[in-house]
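# Per-entry structural report
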Amino acid sequence: MKKDPTIVIIDSGVGNLWSALKAVRRFAPSAFITEEKEKVETADAIILPGVGTFKAGMEGLAVRGLVEPIRVAGKRGMPILGICLGAQLLLERGYEFGEYEGLGLIKGEVRRFPELPKGIKVPAIGWQEVMPAVAPNAKKLFEDITNPFFYFVHSYVLAPSSTESSLASTTYGDYAYCAVVGQGNIYGTQFHPEKSGEAGLQLIQNFINSI
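Residues numbered from 1 in each chain as written. Predicted model: local features only at pLDDT ≥ 70, side-chain atom pairs only at ≥ 80, totals over all residues. Heavy atoms only, no water.

## With respect to the pattern of salt bridges
The line we're drawing: The term salt bridge refers to a side-chain nitrogen of Lys or Arg lying within 4 Å of a carboxyl oxygen of Asp or Glu. In this text, helices come from DSSP runs of H or I with a minimum length of four residues, and strands from runs of E with a minimum of two, each type numbered from the N-terminal end. Note on classification: 1.4 Å probe, protein chains only; a residue is buried when its accessible area is under 20% of the maximum for its type, exposed when over 50%, partly exposed between these limits.
Taken as a whole and judged by the stated rule, the model has seven salt bridges. A salt bridge links R71 to E101, with the nearest nitrogen and oxygen atoms 3.1 Å apart. Remark: E101 occurs in strand β6 (residues 100-101) and R71 occurs in helix α4 (residues 67-75); sequence separation between them is 30 residues. A relative accessible area of 15% places R71 in the buried class. A salt bridge links R111 to E109, with the nearest nitrogen and oxygen atoms 3.1 Å apart. One salt-bridge network, held together by shared partners, links R93, E99, E109 and R111.

Here it is, written out as structure tokens:
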């Protein structure tokens, strides 16, 4: 019987923690919220949720001493799932109200939506269809998801440096962009799987199954 993995949900002060915890505990009952770096270092996997600005997210990690432990964990192969702002923080830098350094676990930037057609508002809020890439790790993350619609709330978009790091895309106002970023053991969803019904729960389960 496969051991229940130790999954930590990072409290950086800007996360929607309890809905994420509830969703994760459906598949990993021992998952817990923490802001302690020692627990991050000894976990089997990390989930990094977040809402708000790039600057606030990185400052929340920094003040808790979590930036380097997360970087080290990701580089040594620990599975990481970033959600919304948490996904953006996985990249090298963000440009929300200035320029700020990210975790740098995946090469790329976080940029504001470009100018969209008249009547299309930012932030993007609502359900959007997500189209997985053909890469093996994308197929693994989206396994058994037959209706890939997910809930988005954001004003800035993932812009990985390599197309190989874009594991899925979506379209808002005729603008196509990266919806899921990933590289090796590290994944980030611009949408909120914990708020996305059965498709979101299946994606969380698929991530946990990969641990």
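On we go.
## Considerations on the pairing of strand β11 (residues 156-160)
Quick note on the threshold: Paired strands are those between which DSSP finds at least two bridges.
Among the five residues in β11, five count as buried, and that is most of the element. Where strand β7 (residues 108-112) lies against β11, five bridges are found, and the strand directions are antiparallel. Across the sheet, V110 pairs through a bridge with L158, a residue of β11.

## Description of the environment of E109
Threshold: The contact rule is simple, with two residues in contact once any of their heavy atoms fall within 4.5 Å. Polar contacts, as used here, are pairs of N or O atoms within 3.5 Å; protein pairs need one atom able to donate a hydrogen and one able to accept it. Residues neighboring in sequence count only if both atoms are side-chain atoms.
Topologically, E109 is positioned in strand β7. By relative accessible area, which is 18% here, E109 ends up buried. Between the C-alpha atom of E109 and that of L90, which follows or precedes it by 19 residues, the distance is 9.3 Å. The contact partners of E109, leaving out residues within four places of it in the chain, are L91, R93, Y95, V157, L158 and A159. Of the polar contacts made by the side chain of E109, one reaches the side chain of R93; its length is 3.5 Å. Looking at E109, its side chain comes within polar contact range of the side chain of Y95, at 3.1 Å.

## What about the nonpolar core?
Put simply, the rule reads: Residues belong to a common nonpolar core when they are buried Ala, Val, Leu, Ile, Met, Phe, Trp, Tyr or Cys residues joined through side-chain atoms within 4.5 Å.
By size, the foremost hydrophobic cluster in this structure holds 38 residues, and its most contacted members are V24, F142 and F150. If one sorts the elements of this core by residue count, helix α7 (residues 197-209) sits on top with six residues. Once residues lying within four places of it in the same chain are set aside, the contact partners of F142 are V130, P132, F150, L167, A168, V180, L203 and N206. In terms of nonpolar packing, the next biggest core, distinct from the first, is built from 30 residues, L48, A73, A87 and C178 among them.

## Considering the side chain of S12
Relative to the elements of secondary structure, S12 occurs in the loop between β1 (7-10) and α1 (17-25). The class for S12 is buried, based on a relative accessible area of 2%.

## What to know about α7
Note the cut-off: Helix span is expected to be 1.5 Å times the residue number reduced by one.
Look at α7: 18 Å from first C-alpha to last across 13 residues, which is about the 18 Å you get at 1.5 Å a residue. Burial in α7 covers these residues: A199, G200, L201, Q202, L203, I204, N206, F207 and I208.

## Things to note about the layout of surface pockets
The following threshold applies: Think of a 1 Å grid over just the protein atoms. A cavity is a set of points where a 1.4 Å probe fits yet cannot get out, a pocket is an open set with protein on both sides within 12 Å along at least five of seven lines, and lining residues have an atom within 4 Å of a point. Grid points are joined across faces, edges and corners, and a volume is the space filled by probe spheres set on the points. Throughout this entry, Asp, Glu, Lys and Arg are counted as charged residues, while Ala, Val, Leu, Ile, Met, Phe, Trp, Tyr, Cys and Pro are counted as nonpolar. The remaining residues, Gly among them, count as polar.
Reported here for the largest pocket is a volume of approximately 180 Å³. Taken together, 13 residues line the largest pocket, and the ones lying closest to its centre are G52, C84, V153, H154 and S155. Broken down by class, the residue content of the lining of the largest pocket amounts to six nonpolar, six polar and one charged.

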